[in-house]
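# Results of the structural survey
Here are the chains, one letter per residue:
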Amino acid sequence: MSTTGLESRAAAYAALGDPSRLAVAELLANGDLASGELGRRLDIPSNLLAHHLHVLEEAGLIERHRSEGDGRRTYVARTPSCNDLIGGPGLARPRKVAFICSQNSARSQLAETFWRTVSDVPVVSGGTHPASRVHPLAVAAARRHGLDLTTAHPRLAADVLTGGELVITVCDRAYEELDTAPLHWSIPDPARGDDQEAFDAAYDDIARRITRLTAGLAAG
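Residues numbered from 1 in each chain as written. Predicted model: local features only at pLDDT ≥ 70, side-chain atom pairs only at ≥ 80, totals over all residues. Heavy atoms only, no water.

### Quick look at the side chain of Thr 74
- Relative to the assigned elements, Thr 74 resides in strand E3 (residues 74-78).
- One polar contact links Thr 74 to Arg 66, side chain to side chain, over a distance of 3.4 Å.
- When near neighbours in sequence (up to four residues on either side) are disregarded, Thr 74 contacts Leu 33, Ala 34, Ser 35, Arg 64, His 65 and Arg 66. (Helix = DSSP H or I, 4+ residues; strand = E, 2+ residues; numbered from the N terminus. Polar contact = N/O pair within 3.5 Å; in protein donor to acceptor, adjacent residues only side chain to side chain. Contact = heavy atoms within 4.5 Å.)

The following block contains the structure:
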């Protein structure tokens, strides 16, 4: 093992040695949160939270980016390195999962169809403002990964949510619109770039998150 690798791991463990920073990492185990949400849950002042987030970011354990909806918000997520280093509290096995985004034309459709390949828990998807069709580049991205979205069509979130689902929002706008408290995955909108690489990146992020989540459900 390289000295650099050992030093990086030592720095990460040192960052997590503070109880508040470890609590931040555990709160982010299954989903992303805005910095303000973290502060309220931990009941610590914003300047102290900013310090803890800076330390975690410097250690490569979290990443932050602006909301694509409310630009005043910054979402915090664990990095893959953090997930490799520590676990976190699992979730109870839900009776159904619902992936929600704004248009139900790309991210939530990819999430729904990928979920079916790794879990027998029923799944649906919907949008707060459904588009008229699934984005062609989402269909193409699904096809490259052996998935079929050719017959999928966007649906209204209110029509697919019946109550009792594990709701997972995969776009910032939908998370900020819903009056519930869903699990949130802050995944950039691939349609903004309108290129295949952006859709592949969204698929990879979704697949990684779902694989990790379903592994936790199986262990729970």
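There is more to say, and it comes next.
### So, helix H3 (residues 35-42)
- Every buried residue belonging to H3 is among Glu 37, Leu 38 and Gly 39, and all of these are buried.
- Taken together, the buried residues of H3 touch helix H2 (19-27), strand E1 (33-34), helix H4 (46-58), E3 and helix H9 (172-177).
- Immediately downstream of H3, the backbone of Asp 43 shows phi near 55 degrees, a positive value. (Buried < 20%, exposed > 50% of the residue type's maximum accessible area, 1.4 Å probe, protein only.)

### Observations concerning the sheet that holds E1
- Taken in spatial order, the 3 strands line up as E1-E3-E2 in an open sheet, and their pairing is antiparallel. Taken across any chain shown, the strands that pair with only one partner, and hence form the sheet edges, are E1 and strand E2 (62-66).
- Relative to E3, E1 runs antiparallel, the two sharing 2 bridges. What sits directly across from Ala 34, in E3, is Tyr 75. (Pairing = 2+ DSSP bridges.)

### Remarks on the pattern of salt bridges
- Taken as a whole and assessed by the stated rule, the structure comprises 12 salt bridges.
- Linking Arg 192 and Glu 68 is a salt bridge whose minimum nitrogen-to-oxygen distance equals 3.2 Å. With Arg 192 in the loop between strand E7 (183-184) and helix H10 (196-219) and Glu 68 in the loop between E2 and E3, the pair connects residues that are 124 residues apart, well separated along the chain.
- With a closest N to O distance of 2.9 Å, Arg 209 and Asp 205 form a salt bridge. Placement of both Arg 209 and Asp 205 in helix H10 is noted, with a separation of 4 residues, approximately one turn of the helix.
- Given a relative accessible area of 18%, Arg 209 falls into the buried group.
- You can call Asp 205 buried: its relative accessible area is 14%. (Salt bridge = Lys/Arg side-chain N within 4 Å of Asp/Glu carboxyl O.)

### Thoughts on the environment of Arg 107
- Tracing the chain through its elements places Arg 107 in helix H6 (residues 107-118).
- Here the alpha-carbon distance between Arg 107 and Cys 171, two residues 64 residues apart in the chain, equals 7.8 Å.
- Once residues lying within four places of it in the same chain are set aside, the contact partners of Arg 107 are Glu 68, Ser 102, Val 170, Cys 171, Ile 187, Pro 188, Asp 189, Pro 190, Ala 202 and Ile 206.

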